[in-house]
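An overview of the molecular structure
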Amino acid sequence: DVCSSDLGTGGTIQVATDTLNIKGGSQLSTAASGTGKAGNIQINTDASRDLMIGFDLDSQKGSAINSKTTAVGDGGLISLGNSSKALTIVGYGSITAATQGGGKGGDINLKGSTIQMSQTSTTAQTSGSGRGGTITVNAGSVRLDQGAELTTRSGVEDPKVAGAATGAAGRIEITAKGQDGVTL
């Protein structure tokens, strides 16, 4: 957990591995609660090997990779994989870039020679006045199955929470240059 609570920028979480298991409610997270920007999360962005991220098989665990801002500082960038190697993300986890204040929500970049996602939720959202971030997916082929989702949204998820988001939702940009393209 890397936090920026005032003027400074949060630190970077950088991981280079073949397999990253995030289970039992574990989280990799960065946050900003002041004017500083949340730190970035980079997993295998420079490594020349395939990456498999495994979340729980139980949807109730709450394991996650996330970056959020609750004030005027911007959210951090979440970057997973690189364009020369396969990226596989499986299990009931979440990858989220969110803003709850005036800062812009962070972006999520997924890169791979191929990308396959099963069951995982990837979301860029705003529940404040800041604009939601962009989810960018760039690969030769992209496959989402078993309920995997890419989502941008503006609004409060919990109807018990007062207030409405005024920030615009982010964008989803998918580029699949290979023969198999995109499979949803």
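Residues numbered from 1 in each chain as written. Predicted model: local features only at pLDDT ≥ 70, side-chain atom pairs only at ≥ 80, totals over all residues. Heavy atoms only, no water.

**Structural notes on the nonpolar core**
One finds Ile53, Ile65, Leu80, Ile89 and Leu110 to be the most contacted residues of the largest nonpolar core, which totals 28 residues. Listed by contribution, the elements that provide at least two residues to this core are strand E5 (41-43), strand E6 (51-54), strand E8 (78-80), strand E9 (87-90), strand E10 (94-99), strand E11 (108-118) and strand E13 (135-145). The greatest single-element share of this core, amounting to five residues, is contributed by E13. Excluding residues within four positions of it along the chain, Ile65 makes contact with Ile22, Leu28, Ile41, Ile43, Ile53, Phe55, Ile78, Leu80, Ser94, Ile95 and Thr96. (Core = buried A, V, L, I, M, F, W, Y, C linked by side-chain atoms within 4.5 Å. Buried < 20%, exposed > 50% of the residue type's maximum accessible area, 1.4 Å probe, protein only. Helix = DSSP H or I, 4+ residues; strand = E, 2+ residues; numbered from the N terminus. Contact = heavy atoms within 4.5 Å.)

**Side note on a nonpolar patch on the surface**
Together, Ile172, Ile174, Val182 and Leu184 make up an exposed nonpolar region whose accessible area comes to about 370 Å². Here Ile174 is to be found in strand E15 (residues 172-183). Residue classification places Ile174 among the partly exposed positions, given a relative accessible area of 37%. (Patch = residues over 30% accessible without salt bridge, like charges linked within 9 Å, V, L, I, M, F, W, Y side chains within 5 Å. Areas by Shrake-Rupley, 256 points an atom, 1.4 Å probe, with all protein chains shown as cover. Salt bridge = Lys/Arg side-chain N within 4 Å of Asp/Glu carboxyl O.)

**Some thoughts on the confidence of the model for the chain**
With 91% of its residues at a pLDDT of 70 or more, the chain shows a mean pLDDT of 89. Between the elements of the chain, mean pLDDT differs from a low of 51, seen in strand E1 (residues 2-4), to a high of 98, seen in E9. (pLDDT = per-residue confidence, 0-100.)

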